[in-house]
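Take a look at the letters that make up each chain.
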Amino acid sequence: LTIEQMATLYLECIDRRIDVPYIIAGYSFGGMVALEMAAKLEKQKRNCLGVILFDTWVVSCADAKLKETLREDVLEYCREIIQRVNTHCELENIKELTDVMYRQCEHYQNIGFQFIPDNLTATPVNLFKAIDLEKFHEMEKKTKFNFLENFINKEVLKVKLITGSHFNFLDK
């Protein structure tokens, strides 16, 4: 699925269960889905109280060299996690499952790198941004707001810096 299709499906699921205003949140790739959900709600003039993004970057705004570096870094991280799972998990078909997981990681990288969010003008957006940039140093030189300033009205975008890296700041 594309991010746009994911957002549509998630909103349909939410609409079946919740009929009051709500806040949408997402971490990393999930933040891109949350942005798309909020944009759809804003276009429909439906009430979304806000969006919370946990270290979400609009990576489609990065140049080709940065995208490739980031892609390799994320895929390497995925390989490390898969290696740990393969080493410590005793499920009979774990290798097949982790192969699917790796292909999913590649797929999410591809669609994330193509995603360009619709503009948000009124929906409040709170970005919780990791301050240990690790893999994001080069992109940070080009943007202080994870490229969100290209798509979100600056009056509704708030940024809170959080100790940690993209991969561990939620642990703190």
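For every chain, the first residue of its written sequence is number 1, and the numbers climb from 1 along that sequence. Two thresholds apply to this predicted model, a pLDDT of at least 70 for residue-level local features and 80 or more for giving and counting side-chain atom pairs, whereas whole-chain, interface and lining totals are computed over all residues. Side-chain numbers here rest on the full set of heavy atoms in the structure, without hydrogens or water.

Trainee: Describe in detail unusual backbone geometry, supporting the description with residues and values.
Mentor: Despite not being glycine, Lys45 shows a phi value in the positive range, around 55°. Inspection of the secondary structure puts Lys45 in the loop between helix H2 (29–43) and strand S2 (48–54). A positive phi angle, near 60°, is found at Asn146, a position not held by glycine. Helix and strand definitions here come from DSSP, where helices need a minimum of 4 consecutive H or I residues and strands a minimum of 2 consecutive E residues; each element is numbered from the N-terminal end. For Asn146, the location among the structural elements is in the loop between helix H5 (137–140) and strand S4 (157–165).

Trainee: Account for the nonpolar core, with residues named and values stated.
Mentor: Nonpolar cores were defined as sets of buried Ala, Val, Leu, Ile, Met, Phe, Trp, Tyr and Cys residues, with membership established by side-chain atoms within 4.5 Å. Relative accessibility decides the category of a residue: with a 1.4 Å probe and only protein chains considered, values under 20% of the type maximum give buried, values over 50% give exposed, and everything between is partly exposed. Membership of the largest hydrophobic core comes to 45 residues, with the highest contact counts inside it found for Leu53, Met139, Leu148 and Ile152. Elements that contribute at least two residues to this core include exactly helix H1 (3–17), strand S1 (22–27), H2, S2, helix H3 (64–88), helix H4 (94–114) and strand S3 (125–132). By the convention used here, residues are in contact when the closest approach between their heavy atoms is within 4.5 Å. Apart from the residues lying within four places of it in its own chain, the contact partners of Met139 are Trp57, Val59, Ala62, Leu66, Leu70 and Phe147.

Trainee: Any details on H1? Residues and values, ideally.
Mentor: The length a helix should cover is 1.5 Å for every residue beyond the first. Compared with an ideal rise of 1.5 Å per residue, which puts 15 residues at 21 Å, H1 spans 21 Å between its outermost C-alpha atoms and is within 8% of the ideal. Turning to H1, its buried residues number three or more, namely Ile3, Met6, Ala7 and Leu11. One face of H1 carries all of its buried residues, which in axial projection span an arc of 130°. Looking at the buried residues of H1, the elements they touch are S1, H2 and H4. Think of the arc as the fan of directions from the helix axis to the C-beta atoms.

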